[in-house]
Amino acid sequence: MLKIKNLTVASEGKTIIQDINFRLRPGETHFLMGPNGAGKSTLGLAIMGHPNFKIKQGQVLFRKKNIAKHTTDQRAKMGIFLAFQQPTEFEGVKLLDFIKAGLGALWPRRELHTASVRKNIASTLQSLDMGQDFFDRSLNWGFSGGEKRKSEALQLLTLKPKLAILDEIDSGLDVDSLKAVAKAIVRLKKNSRTSFLVITHHSRIARFLKPDFVHIMVDGRIVKSGDKKLIKRIEQYGYKNI
Ligand code: ADP
Ligand code: MG
């Protein structure tokens, strides 16, 4: 699904990610962990094609295709999704209209009506413990940290990508919200064979999402990869002594 080959990424002349390699197969879940400032979000943004991050060396292959030349919206249409660590607030853009526009971009031949989109995803919103009034609120505008996470999760669950990169989707969620979001993601994982790259600091989401592989990134490099036992070691020894 995703192959990262000798990837080096820079922003404004500064190298942030250095020569990283890994491969994520269909249906697999990989966790990416590491201290603040390691370059985890940069990797997610670079895979998605954020213009601030330049690929200096190496390749990002999505379903065997080098996606370097593809724009962000083309990558999204190919089936890549990124849940932002810091989602932007859009005053005046209704959450429901935004999701409808996303669905319309993915399936241009389908005729979509606002009322039917609302009806189809009402239960998804409910499964995230969000009130139906969120549909008519401006996207992320004035949302609490946890509500922004759920808004990202709602987009993930409705757009059903082939590859989902979740950048700290569990941060700032209370226990019940974490359970609701994680369970909804598990359902997606079961039903659509989505592959996940989950950036996180916490082991609690691993109880639900059960990573096949865990990678540890420090100073822009993957310093260790292993299975879920690595998460316990991090909790015990920290990133410095792993
Ligand atoms: P993480 O998500 O692992 O916490 P980030 O990917 O957000 O880390 O950031 C990695 C490092 O790159 C940080 O130290 C950040 O300050 C730095 N960085 C990001 N953009 C730039 C830039 N334009 N110029 C210089 N440094 C940057
Ligand atoms: Mg980050």
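Preceding block: the structure.
Heads up: these notes are all about the structure in this document. (Residues numbered from 1 in each chain as written. Chains lettered and ligands numbered in written order. Predicted model: local features only at pLDDT ≥ 70, side-chain atom pairs only at ≥ 80, totals over all residues. Heavy atoms only, no water.)

## Let's talk about the packing of helix H5 (residues 145-159) against helix H6 (residues 175-192)
Two quantities define a packed helix pair, namely the angle between the axes and the distance from one axis to the other. Where H5 contacts H6, the axes come no closer than 10 Å and their chain directions differ by 15°. One finds that H5 runs roughly parallel with respect to H6. Crossing of H5 over H6 shows left-handed handedness. Two secondary-structure elements touch here, H5 through Lys150, Ala153, Leu156 and Leu157 and H6 through Ser177, Val181, Ala184, Ile185 and Leu188. (Axes fitted to C-alpha atoms, helices over the stretch in contact; angles between N-to-C directions. Helix = DSSP H or I, 4+ residues; strand = E, 2+ residues; numbered from the N terminus. Parallel < 35°, antiparallel > 145°, perpendicular 65-115°, else oblique. Left-handed = near helix turned anticlockwise from the far one by under 90°. Contact = heavy atoms within 4.5 Å.)

## Some details on the site of ligand 1
The immediate surroundings of ligand 1 are formed by Ser11, Glu12, Lys14, Ile16, Pro35, Asn36, Gly37, Ala38, Gly39, Lys40, Ser41 and Thr42. In this structure, an oxygen atom belonging to ligand 1 sits 2.8 Å away from a side-chain N or O atom of Lys40. Look at ligand 1: alone it shows 570 Å² of surface, and the protein chains cover 65% of it. Elements with a minimum of two residues in the shell around ligand 1: strand S2 (14-24) and helix H1 (40-48). Tallying contributions element by element places H1 first for the shell around ligand 1, with three residues. Of the residues that constitute the shell around ligand 1, the class distribution is three nonpolar, six polar and three charged. (Near = heavy atom within 4 Å. Polar contact = N/O pair within 3.5 Å; in protein donor to acceptor, adjacent residues only side chain to side chain. Areas by Shrake-Rupley, 256 points an atom, 1.4 Å probe, with all protein chains shown as cover. Nonpolar A, V, L, I, M, F, W, Y, C, P; charged D, E, K, R; others polar.)

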